[in-house]
Amino acid sequence: MMGTRWRRLPCVFLSCLCSYILGPVVPGKIATSQRADSGGSTASLLSTTSQTLTTSTPGTSTGTHSTAAPVPVNPGKGVLLFPYGPSAGDREFVRRTVDFTSPLFKPRIGFPLGSFLSDSLYFTDNGQIIFPKSDYQIFSYPNPPLKGFSGWDSVAMVAPFWDDADFSSSQGTMFYQEYETLYDDYNTLVQKVESSINMLTKTGNYKARWTLKITWVHVPAYPARVTIGTNTYQAILSTDGSRSYALFLYQSGGMRWNVTRRPGNPVLIGFSSGDGYFKNSQLTLHPVWEKYRPDQFLDSNTGLRGLQIYQLHREVKPNYRLRCLQWLKREPQWPSWGWNQISCPCSWNQGVLDLRFQSISRGIPGLRMSGLVAGSRQLCSSSSWRGGVCCRYGPWGELLQGWRVQSPWQLDQELELQNWCCHFNSKPSFCALYQLRRPPISCAGYQPSSLAWIVGDPHITTLDGVNYTFSGLGDFLLVRTQDRNSSFLLQGRTAQTCSANATNFIGFAAEYRSSSLHPITVQWLLKPNNTIHVQLNNQTIAFEANGEDAKDQEIFSSSGVIMTHYGSTVSASFDGAVAVSVLASSNILHISCGLSKGYQNHTEGLMGFWNGNPDDDFRMPNGSTIPKRSSEEMLFHYGMTWKINGTSPFGKRDDNLPSSFTPVFLSQLLRNTSLKKNLTSCHGDNQCIFDVLATGSENLGKDTREIFRLYQQMNTTLNQYPPSIKGPDVIKAYMGQTTVVNYTSNAKDITFTLRENCMDFKLFENGTLLWTPKLLEPFTLEILASSAQGNLSSVLKPRTVVCECKAESQCLYNQTSWVSNSSLETADCKCDGNTFGRYCNYSKDPCDEQCFPNVKCIPGKGCEACPPNLTGDGRHCATLEKPFLCQNESCPENYCYNNGLCSISHTLGCQPVCTCPAAFTDARCFLAGNNFTPTIRRELPLRIIQFSLIEDENASQADVNASVAYRLKNLEVWAFLWNRQVDQTKPSTAPASGSSLHHWNIISEFQYHPKGPVIDFLNNRLLDAVVKAFLPPAPQMRRNRSGGPRNNVAFHSISRKDVYSVMALNVSMLATYFQCKGYKDYHLVYSPQDGFTCVSPCSQGYCKHGGQCQHLPDGPRCSCVPSSVYTPWGKRCEQLSIKFRAFFGILFGTLGAVLLLGVAVFVVLRFWGRSWARFSYPLDSES
């Protein structure tokens, strides 16, 4: 049986073998089925082709918008430049040399760049607009940095096309024009710029206040002697004071520099504010040939070819310089003839008793305290013909400041204007302009109002201070006066005091007239329970509460009059010229009246003839006078001459007066012993004695005495002046040197002190001031002069100007800047030719400007030699070429395909050479296949982290920020942008050392990048790297030559729990921000080490069975390569066909091999059978 099985084996074996080799064969067409895609170790991510247009703002996006823009557009070719040249009113500026700079531009409103306001700028031949830290730090910087702009650039710059240019030949020029439109001035170009910015940024309300247009025309590259192609482009800087933008426009076809002859760093486009805010052009990540052709670049932010826009301000801040200038322009000049009549009370006590002035905390509703110093007090007075004045007083009642206002209701507005010009900007020159329009108001020339008053059963004190008693019954003229602007009338009505032969006032009426006001009439009428009924122009007025600070006080204001009601007192101020105060006590009205100095020599009535001479006070209507010491009877008859018999503001009386009334006189009362009572409470005061004896009321006599003493004290205080301070109001000092200044006073026993002590100042009690400036720290110098008598003080705030220039001869004391919000000013410096910097404290060095890439600079000597195969001075380097060798040769038309850049090669016998985009592999940019870095579709989001730090060095916020930034920018992968937030939390105390620990909260931002390991690092390794970066020791301090914060603050170690992620994007989300633009069928592939790459299917086995892949502009194509047996076919050579000759050869060869194999098997089996028989024995042989 074994032999039978094995004899069948060859047939079965042949059948299986043929089936295995040939399968179900169809002659001439043998197909294999394989997957079209090729698997690999990297993930394949497809990019979308939609385009999002965003404003070019770091870290922000404004969404999609229309690509239409009001800038001139050349259909199909991009934008047109704004008109330039002499015909457009431009100025030409060019120097036939290598590296030169323009004159300084100094916008009066400054220029917002980053977080600060720059004062000056200039442009260079190398396509830059630079904002120097000082007017003498002027360099041209021909070589851009290797990695583009970053968050730690020391030079603030806007770069429309930063590369080394050369105007030393006769070729090329520049034009510029400055436009100042602070006051809505119309300009056609500025209007077009505004429309462009409004359209491209979607703001809609942008109004340019300062614009600079710069045009670089036919600019040759370095070296100009061998340059053929030139560049023409334009930059527009524009600001509305708070926002700022840059427009870069590139002439279509006008950017023709030869890329193949740019041996150094590629061109840089974008900006850096110098304080951590920057933006690189989208072209930064594009191939070199595209960087040099921005006129052909379709910017996704603008949707236009050849136009880029940048937002230069980091945040919108109010521009107080602009507000000040605009106010100065539109504010009408006030009449000068009223200035000499405006002054402030010299002390707070004077002011509160001068009823022409009102405290703003209790004077005028609606006034807010914005702009006022905490703890200060304000008084205001208003006049319809000379405006108003407001005065601010310190804690000792000293006058701090006075300023003019149109009216008290505009105080808050006036304070805001003062803040704009004087307090909220760093330029004292704006405050000087404000003070020309609003000269500071002092108390020089202040004259208090002259007081007259009437108390009790009428006891009258005249305007010249004469006291007398008049108990007339009826309506009387108290005072009538006028000056050239106004007139005033005050009348009083008396009634009999109970049943006594004495009278008291029960009503007053005042009438004020002015050429600028309607007549004003106010009446005070006594009502029961010591209440006063007040009418204005015969209308009862309703008082209103006067704020939170004045309890129980009410106010009423109308045109020309301000009235206050407090308890039983009602006061009125008429147009800042007259003040009347009426008090109700013991059912009697008491009154005081204050008149301005202008009414002197023009008064009549019971309050006397006011001329400073008390001897002629009792002047009667006919002009005659009676002696000051006349008898009571004569004074009574004098008073009756001022009785009003006709019409009066009171109207007709309701009570019937006796036909004749003769009062009792004090001499009669004193002779009548039956009326004598206890008069000790009067302390010998005749007015008190009269009232007690005449009415029998001791309370009335006591009230009369107290009110009289009150008015008397008011009059005394009004005429008390604080000591004056005489001395210079400007102190100039040089850093480190002592300046001596002497101050004196017109008063005796005066003590001079400083309100706040300062280490650099020493003031002796005699007024000698020593100032030795050592540190440039903000302070406000206030010199107090206090008198031993009266507890009165004055203050002087002199301007303090310090110079920190390297040499005292460089100080410009008339050009200053404020130090923070203080009165200290720093003088500008005028540097000589060898120094620069804010204080001329740096000597110029050849290494202040960068050398050519990879060329070292030796301090004091300059740049070393150019790299091999390049020639130049080390700062400017160019290829070794024979000038004008190929100047008559040009590229054939359309020689390079797919936007390749054609140039004539000097080294290849003046043959055309193509510089191709990164994807192309052949010489003329037709066949693609190379991998390349994708372009960014829209603004990349930021990677954001937050962490906590502790330090015990009491470092400033700037120092902490610089130290953190220094460590983060030196991480193993370069991706740090800036610290968005550096905040200090509450300090604590270290238990061991007892020193103060300062806690800081930091929010840092990093930039994703498609190339290299940046994405993997930021998403997977950043947090651990930050922890490692803050391990001790601290890095060595590195300061730039222009000064600045230190960057070596030593922080305590942190752990992983102190650092956490705020925002991160995974690979899938990031993929939506990139695209393989312009190359069909390329797709995104991500790997941790290489980042995102645009990969051609040709590099991933697109063609099968040995097919050769060529990536043409319309996609990959396979060239199938036949072998001796198979013929590949199909789009990807995925199908196989076997040739007929090969088929039969294989068939017969296989059959022959099978036959031979069968014979061999037969022979083996045959031999094996015989051997088996020879060695086999029967089982029973042994038996």
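In this text, all values refer to a predicted model and were calculated from it rather than measured experimentally.

Each value, and the rule that gives it
Residues numbered from 1 in each chain as written. Predicted model: local features only at pLDDT ≥ 70, side-chain atom pairs only at ≥ 80, totals over all residues. Heavy atoms only, no water. Axes fitted to C-alpha atoms, helices over the stretch in contact; angles between N-to-C directions. Helix = DSSP H or I, 4+ residues; strand = E, 2+ residues; numbered from the N terminus. Parallel < 35°, antiparallel > 145°, perpendicular 65-115°, else oblique. Contact = heavy atoms within 4.5 Å. Nonpolar A, V, L, I, M, F, W, Y, C, P; charged D, E, K, R; others polar. Left-handed = near helix turned anticlockwise from the far one by under 90°. Buried < 20%, exposed > 50% of the residue type's maximum accessible area, 1.4 Å probe, protein only. Polar contact = N/O pair within 3.5 Å; in protein donor to acceptor, adjacent residues only side chain to side chain. pLDDT = per-residue confidence, 0-100. UniProt positions renumbered as here; feature names shortened; annotations may be inferred. Core = buried A, V, L, I, M, F, W, Y, C linked by side-chain atoms within 4.5 Å. Pairing = 2+ DSSP bridges. Patch = residues over 30% accessible without salt bridge, like charges linked within 9 Å, V, L, I, M, F, W, Y side chains within 5 Å. Areas by Shrake-Rupley, 256 points an atom, 1.4 Å probe, with all protein chains shown as cover. Salt bridge = Lys/Arg side-chain N within 4 Å of Asp/Glu carboxyl O. Expected span 1.5 Å × (residues − 1). Disulfide = S-S within 2.5 Å. Phe/Tyr/Trp six-rings, centres within 6.5 Å; stacked < 30°, edge-to-face > 60°. Lys NZ or Arg CZ within 6 Å of the ring centre and 35° of its normal.

Q: Help me understand the packing of helix H6 (residues 411–423) against helix H7 (residues 428–437), please; the structure alone is not making it clear to me.
A: When two helices pack together, their arrangement is captured by the angle between the axes and the distance separating the axes. At a closest axis distance of 7 Å, the pairing of H6 and H7 adopts a crossing angle of 140°. One way to sum up the angle between H6 and H7 is to call them oblique. Residues Glu414, Leu417, Gln418, Cys421 and Cys422 of H6 touch H7, and the partners they reach there are Phe430, Cys431 and Tyr434. Along the lines of polarity and charge, the residues of the contact of H6 with H7 split into six nonpolar, one polar and one charged.

Q: Mind showing me how you'd approach the packing of helix H4 (residues 320–330) against H7 here?
A: Packing of H4 against H7 leaves a shortest axis separation of 11 Å and a crossing angle of 25°. With respect to H7, the element H4 is oriented roughly parallel. The handedness of the crossing between H4 and H7 comes out as left-handed. Residue-level inspection shows Arg321, Cys324, Leu325, Trp327 and Leu328 of H4 in contact with H7, the latter providing Phe430, Leu433, Tyr434 and Arg437.

Q: What's the story with the side chain of Gln946 in this structure? I'm lost.
A: Assignment of secondary structure puts Gln946 in strand S56 (residues 942–951). On the basis of relative accessibility, which here comes to 15%, the residue Gln946 falls in the buried class. Among the polar contacts listed, one links the side chain of Gln946 to the side chain of Asn1001, at a separation of 2.9 Å. Not counting residues up to four positions away in its chain, the partners in contact with Gln946 are Asn1001, Ile1002, Ile1003, Asp1058, Val1059, Tyr1060 and Val1062.

Q: Looking at this model, I keep getting lost on the confidence of the model for the chain. Mind explaining?
A: The predicted coordinates ought not to be read in detail in places where the model reports low pLDDT. Here the chain averages 83 in pLDDT, and 85% of its residues register 70 or above. Residue range residues 1–69 is modelled with pLDDT below 50. Its contacts to residues more than four positions away, or to other chains, number 115 contacts. Low pLDDT, under 50, characterises residues 1175–1183; the predicted model gives this stretch zero contacts beyond four residues in sequence or across chains.

Q: What should I look at first to understand the UniProt feature "domain: EGF-like" (unreviewed entry) in the chain in this one?
A: Here, UniProt's "domain: EGF-like" (unreviewed entry) annotation points to residues 887–926 and 1095–1134. End-to-end, the C-alpha atoms of residues 1095–1134 are 21 Å apart, and along that stretch the chain is 0% helix and 38% strand.

Q: I keep staring at unusual backbone geometry and nothing clicks. Help me out?
A: The phi angle of most residues is negative, glycine excepted, and most peptide bonds adopt the trans form. Between Tyr222 and the following residue, Pro223, the backbone shows a cis peptide bond with an omega angle of -5°. With a phi angle near 50°, Asn537 is a residue other than glycine that sits in the positive phi range. Of note, Asn537 is situated in the loop between strand S28 (531–536) and strand S29 (539–540). Phi angles above zero are rare outside glycine, and Asp575 is one such case at about 55°. Mapped onto the elements of the fold, Asp575 is located in the loop between strand S33 (569–574) and strand S34 (578–585). With a relative accessible area of 5%, Asp575 lands in the buried category.

Q: When you look at the nonpolar core in this model, what are you seeing that I'm missing?
A: As a rule of thumb, soluble globular proteins bury nonpolar side chains together. Among the nonpolar cores identified, the biggest contains 74 residues, and Ile129 and Leu237 are the most heavily contacted of them. Element by element, the count of residues in this core is highest for strand S9 (residues 156–162), at six residues. Setting aside anything within four residues of it in sequence, one finds Leu237 in contact with Phe111, Leu121, Ile129, Phe131, Val158, Trp210, Thr211, Leu212, Tyr245, Ala246 and Leu312. Counting residues in each nonpolar core, the second largest holds 55 residues, with Ile541, Val570, Ala572 and Tyr638 among its members.

Q: Is there a simple way to think about the pairing of S56 in this case?
A: The two faces of a sheet get side chains in turn, since along a regular strand they alternate between them. A large share of S56 lies buried, amounting to eight of its ten residues. In this structure, S56 lies alongside strand S59 (residues 996–1007), joined through ten bridges in antiparallel fashion. Its bridge partner lying in S59, Gln946 is registered against Ile1003. Two elements, S56 and strand S60 (residues 1059–1063), share four bridges in a ladder whose sense is antiparallel. Considered in S60, the bridge of Phe947 is made with Val1059.

Q: Just to check I follow, could you spell out the side chain of Gln687 for this structure?
A: Secondary-structure assignment places Gln687 in helix H10 (residues 686–695). Here Gln687 falls in the buried class, since its relative accessible area comes to 10%. Not counting chain neighbours up to four residues away, the residues in contact with Gln687 comprise Val455, His459, Asn467, Thr704 and Phe708.

Q: So what exactly am I meant to see when it comes to a nonpolar patch on the surface here?
A: Among the surface-exposed residues, Leu1155, Val1159, Phe1162 and Val1163 lie close enough to one another that they form a single nonpolar patch of about 410 Å² accessible area. Secondary-structure assignment places Leu1155 in helix H15 (residues 1140–1174). Looking at Leu1155, the relative accessible area reads 58%, which means it is exposed.

Q: Can you walk me through the sheet that holds strand S17 (residues 358–359) in this structure?
A: The pairing of strands in a sheet comes from backbone hydrogen bonds and takes either a parallel or an antiparallel form. Across the sheet, four strands lie side by side as S17-S18-S19-S20; this open sheet has antiparallel pairing. The open sheet is flanked by S17 and strand S20 (399–405), the only strands paired with a single partner. Packing of H6 onto the sheet brings it into contact with strand S18 (377–383), strand S19 (387–393) and S20, and relative to S20 it is tilted by some 110°.

Q: I would appreciate a short explanation of the sheet that holds strand S24 (residues 475–482) in the present structure.
A: Spatially, seven strands are ordered S29-S28-S27-S26-S25-S24-S36 in an open sheet, and the strand pairing comes out antiparallel. Edge positions in the sheet fall to S29 and strand S36 (603–604), since each of these pairs with one other strand and no more. Of the strand pairs in this sheet, strand S26 (residues 503–514) and strand S27 (residues 517–527) are connected by seven bridges, and their pairing is antiparallel. Within the sheet, the bridge partner assigned to Glu511 lies in S27 and is Thr521.

Q: How do you make sense of the environment of Phe476 when you look at a structure like this?
A: Position of Phe476 relative to the elements: it lies in strand S24. In this structure Phe476 comes out as buried when scored by relative accessible area, which is 0%. Separated by 163 residues in sequence, Phe476 and Gly639 place their C-alpha atoms 8.3 Å apart. Leave out the neighbours within four places in its chain, and Phe476 touches Phe470, Leu490, Gln491, Gly492, Thr494, Leu606, Gly639, Met640, Trp642, Lys643 and Ile644.

Q: Looking at this structure, I do not really get helix H11 (residues 698–718). What am I missing?
A: The α-helix advances 3.6 residues per turn, and as a result positions three or four apart in sequence lie on the same side. With 21 residues, H11 should reach 30 Å at 1.5 Å per residue; the first-to-last C-alpha distance of 30 Å fits that figure. The opening residue of H11 is Ser697, an N-cap whose side-chain oxygen sits 3.1 Å from the backbone nitrogen of Leu700.

Q: Could you clarify how one ought to interpret the state of the cysteines in this entry?
A: In protein chemistry, a disulfide is the covalent bond that joins the sulfur atoms of two cysteines. Within the structure shown, the criterion is met by 19 disulfides. Paired by a disulfide, Cys380 and Cys390 hold their sulfur atoms 2.0 Å apart. With the S-S dihedral at roughly 110°, the linkage between Cys380 and Cys390 falls on the right-handed side. You can see Cys380 sitting in strand S18 and its partner Cys390 sitting in strand S19, a full ten residues away along the chain. With respect to class, Cys380 is no different from Cys390; both count as buried. Paired through a disulfide, Cys682 and Cys688 show a sulfur-sulfur distance of 2.0 Å. Disulfide Cys682 to Cys688: torsion about the S-S bond roughly -65°, handedness left-handed. The pair Cys682 / Cys688 is uniform in exposure class, with both members buried.

Q: Hey, could you run me through the pattern of salt bridges in this one?
A: Pairs can form between side chains of opposite charge once their charged atoms are near each other. For the structure shown, the criterion picks out 24 salt bridges. Residues Asp475 and Arg493 are paired through a salt bridge, measuring 2.8 Å at the closest nitrogen-oxygen approach. With Asp475 in strand S24 and Arg493 in strand S25 (residues 486–496), the pair connects residues that are 18 residues apart, well separated along the chain. The exposure classification of Asp475 matches that of Arg493, with both residues buried. The partner of Arg1046 in a salt bridge is Asp959, with the nearest N and O atoms 3.7 Å apart. With Arg1046 in the loop between helix H13 (1014–1029) and S60 and Asp959 in helix H12 (residues 957–968), this pair connects stretches of sequence that are 87 residues apart. The pair Arg1046 / Asp959 is uniform in exposure class, with both members buried.

Q: Explanation requested: the packing of aromatic side chains in the structure shown.
A: What characterises a pair of aromatic rings is the spacing of the ring centres plus the angle enclosed by the ring planes. Under the criterion given, the structure shown has 52 aromatic pairs. When the centroid spacing of 5.5 Å and the interplanar angle of 75° are considered together, the rings of Phe100 and Phe167 count as edge-to-face. In this pair, Phe100 sits in the loop between strand S4 (91–92) and strand S5 (111–113) while Phe167 sits in the loop between S9 and strand S10 (173–180), placing the two residues 67 residues apart along the sequence. A relative accessible area of 6% means that Phe100 is categorised as buried. With a centroid separation of 5.0 Å and 55° between ring planes, the pair formed by Phe932 and Tyr1082 is classed as tilted. Of this pair, Phe932 sits in the loop between strand S54 (911–915) and strand S55 (935–936) while Tyr1082 is found in the loop between strand S61 (1074–1075) and strand S62 (1083–1087), placing the two residues 150 residues apart along the sequence. Like Tyr1082, Phe932 is buried. Stacked on the ring of Trp978, the Lys or Arg Arg314 has its end atom at 5.3 Å from the ring centre. Looking at Arg619, its charged tip hangs above the ring of Phe609, at a distance of 3.8 Å from the centre.

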